[in-house]
Amino acid sequence: MIRDYEGYKYHTVKIGNQCWMKENLRVTHYSDGTPIPHGTTSSDQVAYWYYPDNDAENVEMYGLLYNWRAVVRDVWAASNLSGAVKGICPDGWHVPSVDEWDQLIDFVGNIDSCRCDELPSNIAKALASTEGWEYDSGDACVPGVESERNNATGFSATPAGGYLNDSYSELGRHVYYWSSTVGIHADDEDTAHNLSFDFRQEDVTLSFFNQKLAASVRCVRD
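All figures in this text were calculated on a predicted structure; none of them were measured in a lab. (Residues numbered from 1 in each chain as written. Predicted model: local features only at pLDDT ≥ 70, side-chain atom pairs only at ≥ 80, totals over all residues. Heavy atoms only, no water.)

(A) Looking closely at the pattern of salt bridges. This structure, assessed with the given rule, holds seven salt bridges. For Asp-198, the salt bridge is made with Arg-200, and the minimal N-O distance between the two is 3.3 Å. Classification of Arg-200 as partly exposed rests on a relative accessible area of 44%. (Salt bridge = Lys/Arg side-chain N within 4 Å of Asp/Glu carboxyl O. Buried < 20%, exposed > 50% of the residue type's maximum accessible area, 1.4 Å probe, protein only.)

Structure (structure tokens):
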């Protein structure tokens, strides 16, 4: 268990050679005490945090949402970055790079008990928390079906949704986790890599999102 600047406690879980936080980050200060403003509009220029679905009562289960500028604390990471970006994380921890997210996906996909229907890509259920997911009546391999069977890894991902273009969405349905790695999209250079999955999907996705997106954060140990 570790604590952030404000004293919030986070359990940890070791998956392969990595040690991860088991809860979504909820701190509103950097580890040196510098405050992060509460956002009321989308921005890729000013660091902000937000309540999931704009409701403070959601923090206990889902943590907070952060735009990418807040997550990396103005450290513009590159795709070939060799060093870790501490950013918003507590001392001794850092924001995972896209390669570190990929390492987690590969490791979990090679564990028999974590693959649904024996497919290495079907690992969303093994990473998802047993609580906080909207019910779905579809495939048994998705987080929204029989959620009590989720979380074989102990990672406990909770779907806080996101905030973009001044609109909240997907609470209970989707989780987006920031990486420290910049992405370049064909139509928009202001993007960064993000790991996401949905209550109706069996797999997880590494993709690009605009840096204005307010998403969840999990830190990984140095």
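(B) View of the side chain of Arg-218. Looking at where Arg-218 falls in the secondary structure, it is placed in the loop between strand S12 (205–210) and strand S13 (220–221). In this structure Arg-218 is buried but unpaired, with Glu-23 as the nearest side chain of opposite charge at 7.1 Å. A polar side-chain atom of Arg-218 sits 3.1 Å from the main-chain carbonyl oxygen of Glu-23. Of note is the side chain of Arg-218, whose polar atom sits 3.4 Å from the side chain of Tyr-177. For Arg-218, the residues in contact, after removing those within four places along its chain, are Trp-20, Met-21, Lys-22, Glu-23, Asn-24, Pro-96, Trp-101, Phe-155, Ser-156, Ala-157, Thr-158 and Tyr-177. (Helix = DSSP H or I, 4+ residues; strand = E, 2+ residues; numbered from the N terminus. Lys, Arg positive; Asp, Glu negative; His and termini not counted. Polar contact = N/O pair within 3.5 Å; in protein donor to acceptor, adjacent residues only side chain to side chain. Contact = heavy atoms within 4.5 Å.)

(C) Layout of the environment of Tyr-30. With respect to the helices and strands, the residue Tyr-30 is situated in the loop between strand S4 (18–21) and strand S5 (49–50). For Tyr-30, a relative accessible area of 5% gives the class buried. Sequence separation between Tyr-30 and Lys-86 is 56 residues; the distance between their C-alpha atoms is 9.7 Å. Setting aside residues up to four positions removed in sequence, Tyr-30 forms contacts with Tyr-5, Ile-36, Ala-47, Arg-69, Ala-70, Arg-73, Gly-87 and Ile-88. Within polar-contact distance, the side chain of Tyr-30 engages the backbone oxygen of Ala-70 at 2.8 Å.

(D) Here's a closer look at the sheet that holds strand S11 (residues 191–198). Strand order in the open sheet formed by three strands is S10-S11-S12, with antiparallel pairing between adjacent strands. With one partner strand each, in any of the chains shown, strand S10 (174–183) and S12 form the two edges of the open sheet. For this sheet, the mean inter-axis angle between neighbouring strands, taken without regard to orientation, is 35°. Note that S11 and S12 share six bridges and pair antiparallel. Bridging from a neighbouring strand, Asn-194 pairs with Ser-207 of S12. Together, S10, S11 and S12 form the strand contacts of helix H3 (residues 98–109), whose direction differs from that of S10 by roughly 135°. (Pairing = 2+ DSSP bridges. Axes fitted to C-alpha atoms, helices over the stretch in contact; angles between N-to-C directions.)

(E) Looking closely at the nonpolar core. In this structure, Leu-25, Tyr-66, Val-71 and Ile-88 are the most contacted members of the largest nonpolar core, which totals 29 residues. Going through the elements one at a time, S4, helix H2 (68–72) and S10 are the ones with two or more residues in this core. The element contributing the most residues to this core is H2, with four residues. Discounting chain neighbours no more than four positions away, the residues touching Tyr-66 are Leu-25, Arg-26, Val-27, Tyr-48, Trp-49, Val-71, Ile-88, Trp-178, Leu-213, Ala-214, Ala-215 and Val-217. Judged by nonpolar contacts, the second largest core, of 23 residues, contains Ile-15, Trp-20, Trp-101 and Val-108. (Core = buried A, V, L, I, M, F, W, Y, C linked by side-chain atoms within 4.5 Å.)

(F) Here's a closer look at the state of the cysteines. Counted according to the given criterion, the structure contains two disulfides. Here Cys-89 engages in a disulfide with Cys-219; their sulfurs sit 2.1 Å apart. Because the sign of the S-S torsion sets the handedness, a value of about -90° for the bond joining Cys-89 and Cys-219 places this disulfide among the left-handed ones. In this pair, Cys-89 sits in the loop between H2 and strand S7 (93–94) while Cys-219 sits in the loop between S12 and S13, placing the two residues 130 residues apart along the sequence. Its relative accessible area of 1% is what places Cys-89 among the buried residues. Of the residues examined, Cys-219 reaches a relative accessible area of 0% and is grouped as buried. Two residues, Cys-116 and Cys-141, share a disulfide whose sulfurs are 1.9 Å apart. (Disulfide = S-S within 2.5 Å.)

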